[in-house]
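Fold and contact review
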Amino acid sequence: MAVIHRTTLSPTKLELLTAWLPTRPWYVGPARPSLVKSGGFRLDDPQGEVGIEFMVVTDTSGDEPVPYFVPLTYRGAALAGAEDALIGMTTHGVLGKRWVYDGCHDPVLVERLFALLDGRAEPQAQSESDTPDRTITHSGAGGSLGDAAARATDNPTGTYLSTRDATLRVNRLLRPAVAGPEGANGHVSGPWRTPEDAEVRGVFAELRTA
């Protein structure tokens, strides 16, 4: 169970993301976004070593607000071989120095995301310890999907996590949607808040099996 600490981060998550987001192929905004936190949820690492957060941030710098889905991991040491996935480093008021990664390129988050789809993980509230998040809906094709390593590929439409038997598209650029994606074998959906404080829902990830 992840423990949520009421403390400081320096630099903050939004400060790290402000510099990192414009480097991504799926980012559609200006060179320097203006970000606000809009929602998200967490998953627990069974080993208790890696913090796992799925954050929604909204860029308010343009004529229309643009929400992005940003899976993150927080580690107490560098992840070997993941230099290209490093978003930045921050100092946590309780845990000390933390390495912050793009979670789609971190094997712990990816395994837990597949575990969520096949019912072996439960979404947790973003800002409360030991509190399930009932607003997150998820479904899968049945059977275990999280045992095989996934290859992560970024392109302008999102991030694709591919295993031998399935491909999970992580929708980085979010759009409101009432229903799950047509023809998908599973999906993860949830809410976020607009800058006007209205709640909308959309699909965070969609699964296609071979």
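Residues numbered from 1 in each chain as written. Predicted model: local features only at pLDDT ≥ 70, side-chain atom pairs only at ≥ 80, totals over all residues. Heavy atoms only, no water.

**Quick notes on the sheet that holds strand S7 (residues 137-139)**
With antiparallel pairing, 6 strands are arranged side by side in an open sheet as S7-S11-S12-S10-S9-S8. Of all strands in the sheet, those with a lone pairing partner are S7 and strand S8 (151-155), marking the two edges. Averaged over all pairs of adjacent strands, the angle between strand axes in this sheet comes to 20°, irrespective of strand direction. Sheet analysis places S7 next to strand S11 (residues 186-193), joined by 3 bridges and oriented antiparallel. (Pairing = 2+ DSSP bridges. Helix = DSSP H or I, 4+ residues; strand = E, 2+ residues; numbered from the N terminus. Axes fitted to C-alpha atoms, helices over the stretch in contact; angles between N-to-C directions.)

**A short note on the packing of aromatic side chains**
The relation between two aromatic rings is expressed through the spacing of the ring centres and the mutual angle of the planes. Within the structure shown, the criterion is met by 8 aromatic pairs. On the basis of an interplanar angle of 10° and a centroid distance of 4.7 Å, the ring pair of phenylalanine 41 and phenylalanine 54 is categorised as stacked. Of this pair, phenylalanine 41 sits in strand S2 (residues 35-43) while phenylalanine 54 sits in strand S3 (residues 51-59), and the two are 13 residues apart along the sequence. Using a relative accessible area of 0% as the deciding quantity, one classes phenylalanine 41 as buried. A connected cluster of aromatic rings, assembled from ring pairs, spans Phe41, Phe54, Phe69, Trp192 and Phe204. (Phe/Tyr/Trp six-rings, centres within 6.5 Å; stacked < 30°, edge-to-face > 60°. Buried < 20%, exposed > 50% of the residue type's maximum accessible area, 1.4 Å probe, protein only.)

**Quick word on the pattern of salt bridges**
Taken as a whole and judged by the stated rule, the model has 13 salt bridges. The partner of arginine 164 in a salt bridge is aspartate 165, and the shortest N-O contact between them spans 3.7 Å. Classification of arginine 164 by relative accessible area gives exposed; the value is 75%. Counted as one network, the salt bridges with shared partners bring together Glu111, Arg112, Asp118 and Arg120. (Salt bridge = Lys/Arg side-chain N within 4 Å of Asp/Glu carboxyl O.)

**As for the side chain of aspartate 118**
Take aspartate 118: it is sitting in the loop between helix H2 (107-117) and S7. Within the local environment of aspartate 118, its side chain forms a polar contact with the side chain of arginine 120, the two groups lying 2.8 Å apart. (Polar contact = N/O pair within 3.5 Å; in protein donor to acceptor, adjacent residues only side chain to side chain.)

**Overview of the environment of arginine 172**
Within the secondary structure, arginine 172 sits in the loop between strand S10 (166-170) and S11. Since its relative accessible area comes to 0%, arginine 172 is described here as buried. Along the primary structure arginine 172 and threonine 90 are separated by 82 residues, whereas in three dimensions their C-alpha atoms are 23 Å apart. Setting aside residues no more than four positions away along its own chain, arginine 172 makes contact with Trp20, Trp26, Pro67, Tyr68, Phe69, Val70, Pro71, Asp102, Cys104, Asp154, Gly158 and Thr159. Reaching out from arginine 172, the side chain makes a polar contact with the side chain of threonine 159 at a distance of 2.9 Å. (Contact = heavy atoms within 4.5 Å.)

**Digging into helix H1 (residues 13-20)**
Taken as a whole, H1 has its buried residues at Lys13, Leu16, Leu17, Thr18 and Trp20. At its buried positions, H1 is contacted by strand S1 (9-10), S2, S3, strand S4 (66-75), strand S5 (86-92) and strand S6 (96-102).

**Some thoughts on the pairing of strand S12 (residues 199-209)**
Both S10 and S12 contribute to a ladder of 5 bridges, which runs antiparallel. Within S12, the residue paired with valine 170 across the bridge is alanine 205. Pairing analysis gives 8 bridges linking S11 to S12, with the strands arranged antiparallel. Paired with tryptophan 192 across the strands is valine 200, a residue of S12. Following S11, the chain reverses through 5 residues before pairing antiparallel with S12; aspartate 197 in that reversal takes a positive phi of roughly 70°.

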